[in-house]
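What the coordinates show
What follows is the residue order along each chain.
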Amino acid sequence: MNRKMLIAGYLLFVLVGGAAAAHATSLRGVVLDAASGEKLSAATVHVVGTSLGATTDLDGSFMVLFVPPGAYELRVSCEGYGTELVKGVEVGEKGIVEIEIKLERKSVQEYKIDDLVVSADRILSTEAAVLAERQLAATIGDAISVEMVAKSPDATSSDILKRVTGLSIVDNKFVFIRGVTDRYNGTTLNGVSVTSTDTDVDKKSFTFDIIPSNLIASTTVVKSATPDLPGDFSGGLVQIRTLEFPEERILKLSASSSYDGDVSTKGFLGSQGGDKDWLGYDDGSRSLPPGDLKGNDLARALPNSWTTRERTAPLNASYGVTYGDHHGIGRMELGYVAALLYRSNYQTTAFEERPTYDGFPIFHFEGTRYKRSVLWGGLLDLNLKLSAANKVSFRNNYIQTGEEMVSVSGGLPASGEYTERQTIKWDERTLHLAQVSGSHTVTRLRNVGLEWRWYRSNSEAEEPDRRHVEFEQGVWRTFKDNYRSWSAIDEQGRGFGLDLAVPVAGAKVKAGWLGESRDREFTIDAFSTDPSSVRNPNYELLVLPVGTVFSPENYGQNKFTFVPVTVFTGEYEADQRLSAWYAMLDAPLELARHRFRIAGGARVEDSKQSVETVKAIDDPSPFTARIDKKDVLPSVAFTYAPFSRLNLRLAYNHSVNRPEFREMANVLYYDLDRTQNVKGNPALKRAYIRNYDVRVEAFPNTGEVLAVSYFYKDLEDAIEERLVPTPERYMRTWFNSPDGKNYGWEFEVRKSLGFVTKYLERFSVAGNYTRVTSAVEYEDARTDALGNAVITTATRVMQGQAPWTANLSLLFSEPYWGTSVNVLFNKVGRRIDAVGDTRDEDVYEEPREVVDLAINQRVFERWDVKFSARNIGASDQTYTSGPLRETFATLSRGKSYSVSLSFNF
């Protein structure tokens, strides 16, 4: 599906249906197993005294249409369960009632049971529903509801996740869970595993800054595994689901604008750009010229686009539209939802870089980065219910981002005079995920469940015409080093999965198979203008300003020469084939009126990874790095519920962590943002982790939770980043640590303050604190007094591990007025950003406090106004190294304010 067809499809589904007739009155809800929380399919719901009724589908959901206003009783039954009579169900003029019904399983001795009168639990808030689902889940995990997102200033999924217990966000993109780096965590988007694809920060983890928060239906973080989950996460699995299919028509328009005190309405540097930058696409003006041009012919054909221009930065803006509905087609039902979002953002960051080696500075630069970015995305989801027991779904997600960065700085390099630097780069990313899935229940075989899914993903990243130049300020301002490069990544993913669930004596036996493939191509071409080729009488070329020094006429005999930079030029092809199958038992038990639940089994993952590149940077011989491993990953999760609102959980599982393609590729890349070289390690091995978890959690009232957790992780061949000093700049690479441990505890509370006094019942507090300790073994090489090398085994903190993380939120909510005020606080402890050759060379990210504010107000029933203030304290992001904590780098970002307006039809 090409981009034009995709965009047209989104617009069609957003715009159509506006004049469709409104639905008649309806009654909807969900039927659950009272012990396990499992959603029951094929349960019957009858409106007593009428001929109306329905049967629950695979999600346990039901809908009864055309219910006249009034008070009713519902009779609910399901094979193997008792019948319940729900009284006092009121259907008003709007005709939409949401209820949750729990059925008790029959004992073996029961052949008949009298009707049991209960009061149905009304689903009044999404936050309460999220906590209810967490209480009944088999795994240990946390979640953020859509309701809480709406009451926060969060704009992307990365903003949302930093509120979750034990989570922190690095570079506003990458999630760290329970102290371990982003590489030890997994991400699924609508059930499909996704990873990051970017040319300069290509990581195993997903870049969460590209998912707009208003396209997200739910965000869950699973911290203990069961066999039906992927086996390549240890810290946690982030499960993101985009908007679900509506059961009533929705049409929502939204717009927001934000003011950044350091950027908005102030001078902002930008490049010449292209006509499609506003869409996040390069229009071709940054592409390499057509034909097989080389040397000076290529230099003359390239645009002289080195000049920057200053303009006034506008306010940041965001716009969105969402439309959804469902219709009956005979005995079938079609539901759909479509959404579009567009966001533009301007940001300036003051920075300082002064890394040291063995106590001596390598270089010292100060400057400013100007970034303008565009993000737009859409989704188109279709859901066809063939019957109550059969459903087919089609999900389509498309996200496009584009970012231009202009960096200007000045300072002292490793050698030489005062130097001025300028970097211009354009980075665009595309993610397209299409999925077809089906869910089926075979009622004739005692409700055997079958689920299948096929998906295809395409992830692309491109960094065309990245330009870097330096001028040395001696007697004259002289042209010096420069680079011009083009890089691109294209990754294709395919997958098919099948899951079978068989009810057996009140329990459930599950088995499944998954096959996935990933194929990637990466290329980078780098060139440089050689100033040493200039001869008399053309020496004046060396003192030309940046706007004219690269003009086409300046290349030729006794002038500049355009040469390839072979050290930064390369390519690799990579692929991964994964086959996984599992078997597990999920069994609720009851002994002496005490309720237990055990879910466990084993998962087998057979993974084959290969990266084809060259043997070494100075050796073009073909070389293939391979990792071929079959791992058996057992897991078990045990839950004991001594009371209805209290859980004691124990969990144990094995997991793996595989290197990413870039980490295995012997290709050198110059990261201009960090002033570091980046190079893979073909000798990397996959890591193996044993995970232990304990949690006690209580749910005192609806929407409240109090939880304490302890976790322990034993890592074998842990993969970490290392900074290797070189004469010109550090080189970042990856290595295996033979043995490591990571352990700690978490505390979480969400509580209304109404227990203090009635006047505080509209106030609630939510907070979490995580404390982590880690120890990684490494070989410490030192020299004794006689000059002999002494190698000992020592321990250090794990790279990326924060010793503690804290989040706090104070919320005031008045539903009658439609008002909420939320103050949020986030802080992360001092952590190793990169490992050096010795502990004195380790680089640390220092703690900083981040305070945000969000005020929501409903106006005239259908209008919602939201005011947000972010990073109120304007705290800097600081990196240090050495025993004296000398500043390694500093990033300064200002506070920002935004106002958003949305209308619900």
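Residues numbered from 1 in each chain as written. Predicted model: local features only at pLDDT ≥ 70, side-chain atom pairs only at ≥ 80, totals over all residues. Heavy atoms only, no water.

1. Section: the overall build of the protein chain
Scanning the protein chain from terminus to terminus reveals 6 helices and 50 strands. Put simply, the protein chain has 905 residues, and 53% of those count as buried. Split by element, the accessible area of the protein chain, about 38,900 Å² in all, is 56% carbon and sulfur. (Helix = DSSP H or I, 4+ residues; strand = E, 2+ residues; numbered from the N terminus. Buried < 20%, exposed > 50% of the residue type's maximum accessible area, 1.4 Å probe, protein only. Areas by Shrake-Rupley, 256 points an atom, 1.4 Å probe, with all protein chains shown as cover.)

2. With respect to a nonpolar patch on the surface
A contiguous nonpolar patch, built from L648, L650, V694, V696, L706, V708, Y710, Y743, W745 and F747 and spanning about 780 Å² of accessible area, is present on the exposed surface. Counting residues per element, the ones that place at least two in the nonpolar patch are β34 (646-657), β37 (687-698), β38 (705-724) and β39 (731-752). For W745, the position within the fold is in strand β39. (Patch = residues over 30% accessible without salt bridge, like charges linked within 9 Å, V, L, I, M, F, W, Y side chains within 5 Å. Salt bridge = Lys/Arg side-chain N within 4 Å of Asp/Glu carboxyl O.)

3. Description of the environment of E417
Looking at where E417 falls in the secondary structure, it is placed in the loop between β25 (390-412) and β26 (418-442). Considered as a pair, E417 and Q473 are 56 residues apart in the sequence and their alpha carbons are 6.1 Å apart. The residues touching E417, leaving out its near neighbours within four places in the chain, are G411, L412, E472, Q473 and G474. (Contact = heavy atoms within 4.5 Å.)

4. Regarding unusual backbone geometry
Residue N536 is joined to P537 through a cis peptide bond whose omega torsion reads 15°. Not every positive phi belongs to a glycine, and T265 is a case in point at roughly 65°. Residues other than glycine seldom take positive phi values, yet D717 does so here, at roughly 60°. Locating D717 in the fold gives a position in strand β38. You can call D717 buried: its relative accessible area is 14%.

5. Side note on the environment of V546
Note on placement: V546 falls in the loop between β29 (507-530) and β30 (561-564). Using a relative accessible area of 18% as the deciding quantity, one classes V546 as buried. Between the C-alpha atoms of V546 and Q422, which are 124 residues apart in sequence, the distance is 9.2 Å. Each residue touching V546, except ones within four places of it in the same chain, is listed here: N304, W306, Q422, V469 and F471.

6. So, the side chain of E470
Here E470 is to be found in strand β27 (residues 448-473). Although E470 lies buried, it forms no salt bridge, and the closest oppositely charged side chain, K480, sits 4.6 Å away as judged by the N-O distance. Not counting residues within four places of it along the chain, the set of residues in contact with E470 comprises T419, E420, R421, T478, F479, K480 and D481. (Lys, Arg positive; Asp, Glu negative; His and termini not counted.)

7. Some points on the pairing of strand β16 (residues 236-242)
On any regular strand, side chains alternate: one points to one face of the sheet, the next to the other face. For β16, the buried fraction is high: 5 of the 7 residues fall into the buried class. Pairing geometry for strand β13 (residues 185-189) and β16, over 5 bridges, is parallel. Bridging across to β16, T188 finds its partner in Q239. (Pairing = 2+ DSSP bridges.)

8. Some remarks on the nonpolar core
Membership of the largest hydrophobic core comes to 24 residues, with the highest contact counts inside it found for Y184, F522, Y572, V611, V667, L715 and I719. Residue contributions to this core peak at 3 residues, all from β38. Discounting residues that sit within four places of it in the chain, F522 has contacts with S487, A488, I489, G570, E571, Y572, R662 and V667. In this structure, V45, F62, V67 and Y81 belong to the second largest nonpolar core, which totals 21 residues. (Core = buried A, V, L, I, M, F, W, Y, C linked by side-chain atoms within 4.5 Å.)

9. What to know about the pattern of salt bridges
Scanning all chains against the criterion turns up 46 salt bridges. The salt bridge partner of R300 is D297, with a shortest N-O separation of 3.1 Å. With R300 and D297 both in helix α5 (residues 295-301), this residue pair falls 3 residues apart, about one helical turn. We classify R300 as partly exposed; its relative accessible area is 35%. Taking the relative accessible area as the measure of exposure, D297 reaches 47% and is therefore partly exposed. Here R762 ties to E814 by a salt bridge, and the two come within 3.1 Å at their closest N and O atoms.

10. Some remarks on a negative patch on the surface
The grouping of D490, E521, D525, E571, E573 and E612 at the surface amounts to a negative patch. At the level of secondary structure, the elements contributing two or more residues to the negative patch comprise β29 and β31 (570-591). As for its position among the elements, D525 is in strand β29. (Charge placed at Lys NZ, Arg CZ, Asp CG, Glu CD.)

11. Thoughts on the packing of aromatic side chains
Applying the stated criterion across every chain yields a total of 25 aromatic pairs. Between F268 and Y370, the ring centres sit 5.5 Å apart and the planes meet at 85°, which makes this aromatic pair edge-to-face. Here the residue F268 occupies a position in strand β18 (residues 267-270), and Y370 occupies one in strand β24 (residues 364-387), the gap between them amounting to 102 residues. For the pair F268 and Y370, one class covers both residues: buried. Pairing F596 with F638 gives two aromatic rings, centres 5.9 Å apart and planes at 35°, and the pair type is tilted. Here F596, found in strand β32 (residues 594-616), pairs with F638, found in strand β33 (residues 619-643); they are 42 residues apart in sequence, far enough to count as distant. By relative accessible area, which is 23% here, F596 ends up partly exposed. Each member of the aromatic cluster is reached from another via a ring pair, and the members are W306, F471, F479, W486, F527, F550, Y555, F560 and F562. (Phe/Tyr/Trp six-rings, centres within 6.5 Å; stacked < 30°, edge-to-face > 60°.)

12. Observations concerning the confidence of the model for the protein chain
Per-chain confidence: the protein chain averages 81 in pLDDT, with 82% of residues scoring 70 or above. This model gives residues 1-24 a pLDDT under 50, and the stretch forms 41 contacts once residues within four places in sequence are excluded. Scored below 50 in pLDDT, residues 153-158 shows 31 contacts in the model against residues more than four places distant or in partner chains. (pLDDT = per-residue confidence, 0-100.)

13. What to know about the environment of D739
Looking at the secondary structure, you find D739 in strand β39. Between the C-alpha atoms of D739 and E716, which are 23 residues apart in sequence, the distance is 4.9 Å. Among the polar contacts made by the side chain of D739, one reaches the side chain of K741 at a distance of 3.5 Å. (Polar contact = N/O pair within 3.5 Å; in protein donor to acceptor, adjacent residues only side chain to side chain.)

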